[in-house]
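# Observations on chain architecture
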Amino acid sequence: MSISAWLAALLIVAGTGFFFAGTMGLLRFPDVFSRLHALTKADNTGLGLVAAGVALLHQSWRHAALITVIWLLALAASSIACHLVARDALARGEQREEKP
Amino acid sequence: MIQVQPALGGRLPWALAVGALLFVLWLLLGGGQGPVYGLMAATAGAGIGSWLAPGTLQRLRLRPLLRFAALFVVRSVVGGIDISWRALHPAMPLQPTWIRYDLGLQKPAGRALFMITISLTPGTLCAEQQGGEVHVHALGPDMERGLREIENAIAAVFGESPRGPGA
Amino acid sequence: MTGLAVLAALALVIFFGLGLLRIHLGPTDADRILSIQLSGTTTVAILLLLSVIVDMPALLYVALIFVLFAAVIAIAFVRNPKGGA
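The shown structure was predicted, so the numbers you read here are calculated from the model rather than taken from an experiment.

A few words now on the overall build of chain B. Along chain B, the regular secondary structure elements total five helices and three strands. Tracing chain B from N to C terminus, the helices and strands come up as α-α-α-β-α-β-β-α. Taking 167 residues into account, the globule formula puts the C-alpha radius of gyration at 15 Å, and chain B, at 20 Å, lies well above it. Dimensions of chain B, computed from C-alpha atoms along their principal axes, come out at roughly 60 × 40 × 30 Å. Counting the 167 residues in chain B, one finds 35% classified as buried. For chain B, restricting intrachain contacts to residue pairs at least 6 apart in sequence, the fraction spanning at least 24 positions comes to 67%.

Right, here's the structure in full:
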């Protein structure tokens, strides 16, 4: 295997590891905000690494650019989704405190 | 809508920028096929976009932008490692706290970028923003320093002056 | 190399399935929507790997569509007045 193939393999394996951690965080963490942390950070790091590995394997500048667009959109979408869900949970949580 | 003068001033550059972006996207998705149709579609998109939702172009500084991008990549990988360590550690070291962070950034684009960024960097998550105050959920103590670092990097990109340690 | 990509994709499917347990566990609807978010990101990663495994770059476009959908899900959830615990 060439150096880029080894590098791609390394990136994909590392990325898969982050996905595992994300799932574990989602299942183990005690409250919804901590779970949000696990999802947004671990999964997007995982996706970034897998995307970098796949871009190396495609050996095409256009595909690499396309994968970069996918990655950036995924980052923005996931971060905004995380913010919206957190804000929603916060608003509902405060409502619950007001009415014991 | 009522502010005709500044909107007119900014509308043409905005349309050109949107059109150029759409055309590049067309070339990227289509593999360079049908550039004439792409040009037509990009022109139509730019026209409709600047008619319905005109924005203002921000003057971005290239060198701080690259520095911010590098900071972002490094911090988001660190964020992934940090949360993975917390998730896989048998004792799950979590000390969830809430931070009220006083945001010095003035431009809406900068504020939006800040909110997107901090949810991806170690231990912090943006839950609510009201004016200059951001409600941040943190997984441990002493997270303000990382927030301040990102704020200063974004301030440099938009040409705003960085703020010292304030309230 | 393809073998490794297949293994990685299979592993992602398993993590995806485990993550879906959170839908059952809840307890709030926000927790359930997190599980959906996880499946969205994982699906994108699986599609990227599949584009290498079956050598079909068109799957990158499918991944792009999935990313765009993922953003809509959370907005739809927050906008739904009946959502939440």
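Still to come is the rest of the account.
Once that is clear, we can look at the confidence of the model for chain A. Residue and element names in this part refer to chain A. Looking at chain A, pLDDT values average 83 and 92% of them are 70 or higher. Ranking the helices and strands of chain A by mean pLDDT puts helix α1 (residues 3–28) first, with 88, and helix α3 (residues 61–98) last, with 79. Predicted confidence is poor over residues 95–100, with pLDDT under 50, and the contacts of this stretch with residues over four places away or in other chains come to one contact.

Here the focus is the pattern of salt bridges. Once their charged atoms are close, side chains differing in charge can pair, the charge on each being opposite to the other. Using the criterion set out here, one finds four salt bridges over all chains in the structure. Of the charged contacts, one joins A:Arg35 and C:Asp31 as a salt bridge, the two residues approaching to 2.3 Å between their closest N and O atoms. Of the two residues, A:Arg35 sits in helix α2 (residues 32–58) while C:Asp31 sits in helix α3 (residues 29–53), which places them in two different chains. Here A:Arg35 matches C:Asp31 in class, with each residue buried.

Glancing now at the nonpolar core. Proteins that are soluble and globular tend to have nonpolar side chains buried together. Grouped together as the largest cluster of nonpolar side chains are 31 residues, with contacts concentrated most on A:Ile70, C:Leu48 and C:Leu49. Broken down by secondary-structure element, the contributors of at least two residues to this core are α1, α2 and α3 of chain A together with α1 (2–19), α3 and α4 (58–79) of chain C. When near neighbours in sequence (up to four residues on either side) are disregarded, C:Leu48 contacts A:Leu47, A:Ala51, A:Val54, A:Ile67, A:Ile70, C:Leu60 and C:Ala63.

With that settled, consider the environment of A:Ala77. Checked against the element boundaries, A:Ala77 lands in helix α3. Put simply, A:Ala77 and A:Ala52 are 25 residues apart on the chain and 19 Å apart in space, counted from C-alpha to C-alpha. Ignoring anything within four residues of it in the chain, the contact list for A:Ala77 reads C:Val67 and C:Ala71.

Contact geometry of α2(A) with helix α3 (residues 62–88) of chain B gives a least axis separation of 8 Å together with a crossing angle of 125°. Considering their axes alone, α2(A) and α3(B) lie oblique with respect to each other. Our pair here, α2(A) against α3(B), has a crossing hand that is left-handed. Between α2(A) and α3(B), the residues in contact are A:His37, A:Ala38, A:Lys41, A:Ala42 and A:Thr45 and B:Ser76, B:Val77, B:Gly79, B:Gly80, B:Ile83 and B:Ser84, respectively. Of the residues assigned to the contact of α2(A) with α3(B), the class counts are four nonpolar, six polar and one charged.

Attention shifts here to the interface of chain A and chain C. Taken together, the contact pairs 39 residues of chain A with 43 residues of chain C. Of the roughly 3600 Å² buried where chain A meets chain C, counting both sides, 81% is carbon and sulfur surface. Per-residue buried area on chain A facing chain C is highest for A:Leu26, A:Leu27 and A:Ile70; these three make up 15% of the total on that side. At the boundary of chain A with chain C, the tally comes to one salt bridge.

Quick notes on the rules
Residues numbered from 1 in each chain as written. Chains lettered and ligands numbered in written order. Predicted model: local features only at pLDDT ≥ 70, side-chain atom pairs only at ≥ 80, totals over all residues. Heavy atoms only, no water. Helix = DSSP H or I, 4+ residues; strand = E, 2+ residues; numbered from the N terminus. Rg over C-alpha atoms; globule rule 2.2 N^0.38 Å. Buried < 20%, exposed > 50% of the residue type's maximum accessible area, 1.4 Å probe, protein only. Contact = heavy atoms within 4.5 Å. pLDDT = per-residue confidence, 0-100. Salt bridge = Lys/Arg side-chain N within 4 Å of Asp/Glu carboxyl O. Core = buried A, V, L, I, M, F, W, Y, C linked by side-chain atoms within 4.5 Å. Axes fitted to C-alpha atoms, helices over the stretch in contact; angles between N-to-C directions. Parallel < 35°, antiparallel > 145°, perpendicular 65-115°, else oblique. Left-handed = near helix turned anticlockwise from the far one by under 90°. Nonpolar A, V, L, I, M, F, W, Y, C, P; charged D, E, K, R; others polar. Buried area = accessible area lost by both parts, 1.4 Å probe.

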